[in-house]
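Secondary and tertiary structure notes
Chain by chain, the residues:
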Amino acid sequence: MHSENNTELLEITDINKLKELRDSYRRNTLSWSQHCVGYYCLDNYIRWKEREPTIKHLKIYTLNDCYRSEGLYIIVDRYQLFVGSLRQEEQNENLVKALQLLDWSRGLKVSSILECHRQSVLEVVNKKQLRLEYDSLTLMYFMTSEKAKTLVIDCPRGYYVKPLTAKDDALIVDNHWPNRHQGSLFLINRLIEWNVNMGVYVENTDELVAWCLRLQGGFLGALQVKDSHKRLGLGSVVTRAISLALAESGSDVMALVNEENRPSRGMFEKLGFSVIARCYWLRTFPIQSHYQWPSGD
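Keep in mind that what you see is a predicted model, and the values were worked out from it rather than measured. (Residues numbered from 1 in each chain as written. Predicted model: local features only at pLDDT ≥ 70, side-chain atom pairs only at ≥ 80, totals over all residues. Heavy atoms only, no water.)

What follows concerns the overall build of the chain. Each helix and strand in the chain was counted, giving 10 helices and 13 strands. Expected size for 297 residues packed as a compact globule is a radius of gyration near 19 Å; at 19 Å, the chain falls within 12% of this value. Its C-alpha atoms give the chain principal-axis dimensions of roughly 60 × 45 × 35 Å. By residue count, 55% of the 297 residues in the chain fall in the buried class. Sequence-distant contacts, at least 24 apart, represent 71% of the contacts inside the chain between residues at least 6 apart. (Helix = DSSP H or I, 4+ residues; strand = E, 2+ residues; numbered from the N terminus. Rg over C-alpha atoms; globule rule 2.2 N^0.38 Å. Buried < 20%, exposed > 50% of the residue type's maximum accessible area, 1.4 Å probe, protein only. Contact = heavy atoms within 4.5 Å.)

Have a look at this one:
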């Protein structure tokens, strides 16, 4: 662990300290519905760092020794920002202090943060006089691994389910993603190569027609069905398939759905997921008005 520019913002580089931080979210099982977000986010990056110890543009920070006392972490992954703390009150002065020490000049996508941390982020946004591109509410759906293990995939005739391959499928997923942006193809490739994912394919042609990925924060994401294959239940099929795969690896299943997205909410509820929290996505504009993240970096 070392400091960044002699400030109090400390980068955690020791994998054992990261595991200690992750496991602090497991200690209070009574609050697992809130703490599972921090646990699975940290677990994702621990797996990634064990696979590739020197990941470009990835930094994991804490403030002094707050990772021990409060489980405080800030993860900067390219243009995305993930934050967490065992202190779940809205007024979290240490989280605010840590966020203020970050470089926000190129814009940051604050991803899947619990509602209790939103005020801390907004306080820093206001203090730095940053402009928000969006500030979106999503509902957090949850299913235990034990329950997910009972799901049956039940793929319709004429289709089959298998994991995606980055070489064949990443560009298709990125081209159809409503949230496609500069640099997103790099992210899609990495998620397919490094995380659990599933796709539904046409038997005769091997065409990919539905898919779902697991995002860095541990949530299901990029769930999509091609228009020509909608209303066949394939969204439910691919969700059951990836949920079962995650459960068999020992993970609970989490997903974020926009509050107004009634069809997706209905599907998750029909499968047996429950809403246990509210999370937000915020993105700040770069201070350098014409800055764009390099597409291959």
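Here we come to helix H7 (residues 166–176). Taken together, the buried positions of H7 are occupied by Ala-166, Asp-169, Ala-170, Val-173 and Asp-174. Buried residues along H7 cover an arc of 135 degrees about the axis, so they all sit on one side. Its buried side turned inward, H7 meets helix H8 (184–194), strand E9 (197–202) and strand E10 (208–214). (Arc of directions from axis to C-beta.)

Here we come to the domain arrangement of the chain. Segmenting the chain into domains produces domain 1 (9–138 + 280–284) and domain 2 (145–251). On a C-alpha basis, the centres of domain 1 and domain 2 stand 26 Å from each other. Roughly 1,600 Å² of surface becomes buried between domain 1 and domain 2 when both sides are summed, with 52% attributable to carbon and sulfur atoms. On the domain 1 side of the contact with domain 2, Tyr-40, Trp-48 and Arg-78 bury the most area, a combined 34% of that side's loss. (Domains from an automatic or database assignment. Buried area = accessible area lost by both parts, 1.4 Å probe.)

Turning next to empty space enclosed by the protein. Under the counting rule described, the total for this entry stands at 1 cavity of 30 Å³ or more. Considered as a void within the structure, the largest cavity measures approximately 110 Å³ in volume. Counting only elements with at least two residues in the lining of the largest cavity, the list comes to helix H2 (32–51), strand E5 (80–84) and strand E6 (109–114). Partitioned by chemical class, the residues of the lining of the largest cavity number 9 nonpolar, 9 polar and no charged. (1 Å grid on protein atoms, 1.4 Å probe; cavity = no way out; pocket = protein on both sides within 12 Å on 5 of 7 lines; lining within 4 Å. Points joined across faces, edges and corners; volume = space filled by probe spheres on them. Nonpolar A, V, L, I, M, F, W, Y, C, P; charged D, E, K, R; others polar.)

Turning to the packing of aromatic side chains, a few remarks are in order. Inspection of the entire model under this criterion finds 10 aromatic pairs. When the centroid spacing of 5.5 Å and the interplanar angle of 65 degrees are considered together, the rings of Trp-32 and Tyr-39 count as edge-to-face. We classify Tyr-39 as buried; its relative accessible area is 12%. Taken together, the aromatic side chains of Tyr-45, Trp-48, Phe-82 and Trp-194 make up a single cluster linked through ring pairs. Taking the ring centre of Tyr-39 as reference, the NZ or CZ of Arg-26 above it sits at 4.6 Å. (Phe/Tyr/Trp six-rings, centres within 6.5 Å; stacked < 30°, edge-to-face > 60°. Lys NZ or Arg CZ within 6 Å of the ring centre and 35° of its normal.)

Let's shift gears to the pairing of E10. Most of E10 is tucked away: 7 of the 7 residues are buried. The pairing of E9 with E10 spans 5 bridges and is classified as antiparallel. Looking at E10, one finds that Tyr-201 is bridged to Leu-208. Two successive antiparallel strands, E9 and E10, enclose a turn made up of 5 residues, where Asp-206 displays a positive phi of approximately 60 degrees. For E10 and strand E11 (residues 219–225), the ladder comprises 4 bridges, and the chain directions are antiparallel. Residue Arg-214 lies in a different strand from E11, and its bridge partner there is Leu-220. (Pairing = 2+ DSSP bridges.)

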